[in-house]
Amino acid sequence: MGELRLEELSASTIVAVNNMSLKPGQEEFLSPVSYGIAATVVNPQTSWQRVVLDGDDVVGFISGNFDPDFPQEHFRSVLWRINVDADDQGRGVGRFAVEGLLGEARERGMSHVNVIYEAGEGGPQAFFHRVGFEPVGETEYGEVIAETRL
Ligand SMILES: CC(C)(COP(=O)(O)OP(=O)(O)OC[C@H]1O[C@@H](n2cnc3c(N)ncnc32)[C@H](O)[C@@H]1OP(=O)(O)O)[C@@H](O)C(=O)NCCC(=O)NCCS
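Along each chain, residues carry numbers from 1 onward, in the same order as the chain's sequence is written. Totals for whole chains, interfaces and linings use every residue, but because this is a predicted model, local features are given only for residues with pLDDT of at least 70 and side-chain atom pairs only at 80 or more, for both listing and counting. Water and hydrogen atoms were dropped before computing side-chain values, which therefore reflect all heavy atoms in the structure.

The chain is annotated in an unreviewed UniProt entry as Acetyltransferase from Microbacterium aurantiacum.

Structure follows, in structure tokens:
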């Protein structure tokens, strides 16, 4: 693996992001119900997205939302979506992307970052734990709300 870097989404990377593959069984964890509902009220100006590049290859994608006025507390400083291409999982790409997002949150003066995920075999729970998120609650749909303090 070369040196990883984060870049803004561009016309040349957006297609590669959309074509990233998942490992079997991962699809069901991609979009917890709470995110789908919150997405309808997210202000595009408060959302943040980055592509992870390894040389010229798109290997991952991460997005977040930083909006102190968001109605629900756990969506005010939140990791919205992360995925790493199936062939590049397990090599530190996800950790690198999360560190980039935490750096952005710090620069914006946030005290913490939340993530909402569905617990279960094949899901991202172990990953979020390894990169510093601890469960702090549950959504009305039974998803885990986890948090890392900055
Ligand atoms: C979750 C995901 C982003 C992790 O990315 P990744 O690049 O494979 O993770 P990393 O290689 O950076 O791993 C970071 C740490 O988490 C651990 N980890 C990652 N996946 C793990 C798993 N399934 N089980 C146990 N530990 C895991 C790694 O061992 C590593 O630990 P260490 O650094 O302490 O040794 C990736 O598996 C993915 O894209 N999954 C599908 C999409 C998804 O579920 N996204 C989350 C919901 S939006």
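The structure having been displayed, the exposition proceeds.
Draft legend 1. A look at the side chain of H112. Runs of H or I in DSSP of at least four residues are treated as helices and runs of E of at least two as strands, each being numbered from the N terminus. Structurally, the position occupied by H112 is in strand β5 (residues 112–117). Polar contact criterion, stated in full: a pair of N or O atoms within 3.5 Å, where within protein one must be able to donate a hydrogen and the other to accept it, and residues adjacent in sequence count only if both atoms are side-chain atoms. A distance of 3.3 Å separates the side chain of H112 from the side chain of N114, its partner in a polar contact. Each residue touching H112, except ones within four places of it in the same chain, is listed here: E73, S77, E147, T148, R149 and L150. Pairs of residues are marked as contacts when any of their non-hydrogen atoms sit within 4.5 Å.

Draft legend 2. Local environment of the pattern of salt bridges. Put simply, a salt bridge is a Lys or Arg side-chain nitrogen that is within 4 Å of an Asp or Glu carboxyl oxygen. According to the stated counting rule, one finds 5 salt bridges in the structure shown. With its nearest N and O atoms 3.3 Å apart, the salt bridge here joins R5 to E7. Only protein chains enter the area calculation, which uses a 1.4 Å probe; residues under 20% of their type maximum are buried, those over 50% are exposed, and those in between are partly exposed. Here E7 falls in the partly exposed class, since its relative accessible area comes to 31%. Residues R149 and E147 are paired through a salt bridge, measuring 3.0 Å at the closest nitrogen-oxygen approach.

Draft legend 3. Main features of the sheet that holds strand β3 (residues 57–66). In spatial order, the strands read β1-β2-β3-β4-β5-β7-β6; together these 7 strands make up an open sheet with mixed pairing. The strands lining the two open edges of the sheet, one partner per strand, are β1 (4–7) and β6 (134–138). Between one strand and the next, the sheet's axes are offset by a mean angle of 30°, whatever the strand orientation. Two strands pair if DSSP finds at least two bridges between them. As paired elements, β6 and strand β7 (residues 144–149) share 4 bridges and run antiparallel to each other. Residue pairing for β7: G137 is matched across the bridge by I145. Only the stretch in contact is used when fitting a helix axis, every axis being a line fitted to C-alpha atoms; angles between N-to-C directions are given from 0 to 180 degrees. Where helix α1 (residues 11–18) meets the sheet, it contacts β2 (47–54) and β3, and its direction lies at approximately 95° from that of β3. In this fold helix α3 (residues 93–107) packs onto β1, β2, β3, β4 (77–84), β5 and β7, with an angle of close to 35° to the strand it touches most, β3.

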